[in-house]
Amino acid sequence: MSRPGAGAAYEAARIRFELGEAVRLRREQLGLTQAELAERAGLKQPAVARFEAGGTMPTIPMVERLAEALEMRLSVRFQPLREAS
């Protein structure tokens, strides 16, 4: 983490992982396969698999489509750093 940019890269990876995990957990709660979620969201199954694995940083419109397909509403908020831990 002492290399320049290492902290930002770690944070980006953490966000991708957490988003992917949240989508996977909700998909499983609904009993959907990746292919079924992809169809609902207008995506391809490999895109859902990459997203769930934290392999891609999605756009907000993509996350909105996934949220709707998962019968959820996207909520974005800013939180002070000292409260985020």
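(A) Quick peek at the pattern of salt bridges. Per the stated rule, a full pass over the model turns up five salt bridges. Residue arginine 24 is joined to glutamate 28 by a salt bridge in which the shortest nitrogen-to-oxygen separation is 3.2 Å. Here arginine 24 pairs with glutamate 28, and both are found in helix α1 (residues 6-29), just four residues apart, close to one helical turn. Arginine 24 sits in the partly exposed class, given a relative accessible area of 27%. Two residues, arginine 40 and glutamate 71, come together in a salt bridge whose shortest N-O distance is 3.4 Å. Here the residue arginine 40 occupies a position in helix α2 (residues 34-41), and glutamate 71 occupies one in the loop between α4 (60-69) and α5 (81-84), the gap between them amounting to 31 residues. When salt bridges with common partners are traced through the structure, they connect Glu11, Arg14 and Glu18 into a single cluster.

(B) A look at the confidence of the model for the protein chain. Per-residue confidence for the protein chain gives a mean pLDDT of 91; residues scoring 70 or more make up 92%. For the protein chain, per-element mean pLDDT is lowest for α5, which scores 73, and highest for α2, which scores 98.

(C) Broad picture of α1. Its 24 residues place the ends of α1 34 Å apart at the C-alpha level, agreeing with the 34 Å of an ideal helix rising 1.5 Å per residue. Burial in α1 covers these residues: Ala6, Gly20, Val23, Arg26 and Arg27. The inward-facing, buried residues of α1 contact α2, α3 (45-52) and α4. Just beyond α1, the residue with positive phi is glycine 31, at close to 75 degrees.

(D) Inspection of α2 at higher detail. By the burial criterion, the buried members of α2 are Gln34, Leu37, Ala38 and Ala41. Down the axis, α2 shows its buried residues gathered within 100 degrees of arc, on one side only. Residues of α2 that are buried sit in contact with α1, α3 and α4. Following α2 by one or two positions, glycine 42 adopts a phi angle in the positive range, close to 75 degrees.

(E) Focus on the packing of α2 against α3. Where α2 contacts α3, the two axes come as close as 8 Å, and the packing angle between them is 110 degrees. Between α2 and α3, the angle falls in the class roughly perpendicular. Where α2 abuts α3, its residues Gln34, Ala35, Leu37 and Ala38 lie against Gln45, Val48, Ala49 and Glu52. Residues that form the contact of α2 with α3 fall into these classes: five nonpolar, two polar and one charged.

Cut-off values and rules
By convention here, each chain's residues receive numbers from 1 onward along its written sequence. pLDDT decides what is reported in this predicted model: residues at 70 or higher carry local features, side-chain atom pairs at 80 or more are listed and counted, and totals for whole chains, interfaces and linings draw on all residues regardless. Side-chain measures were taken over the full set of non-hydrogen atoms in the model, leaving aside hydrogen atoms and water. In what follows, salt bridge is the name for a side-chain nitrogen of Lys or Arg lying within 4 Å of a carboxyl oxygen of Asp or Glu. Secondary structure elements follow DSSP: runs of H or I of four or more residues count as helices, runs of E of two or more count as strands, with numbering from the N terminus. The cut-offs for exposure are 20% and 50% of the maximum accessible area for each residue type, with area from a 1.4 Å probe on protein chains only; residues under the lower value are buried, those over the upper are exposed, and the others partly exposed. The predictor attaches a confidence to each residue, called pLDDT, with possible values from 0 through 100. Here, expected helix span is obtained from the residue count minus one, scaled by 1.5 Å. Every residue pair with non-hydrogen atoms within 4.5 Å of one another is taken to be in contact. In this description, one arc is meant: the one made by directions from the helix axis to the C-beta atoms. An axis is simply a line fitted to the C-alpha atoms; with a helix, the fit covers only the stretch in contact. Between two such axes, the angle follows the N-to-C directions and lies from 0 to 180 degrees. The labels follow the angle: roughly parallel below 35 degrees, roughly antiparallel above 145, roughly perpendicular from 65 to 115, and oblique for the rest. Throughout, the ten residues Ala, Val, Leu, Ile, Met, Phe, Trp, Tyr, Cys and Pro are labelled nonpolar, Asp, Glu, Lys and Arg are labelled charged, and all others, Gly among them, are labelled polar.

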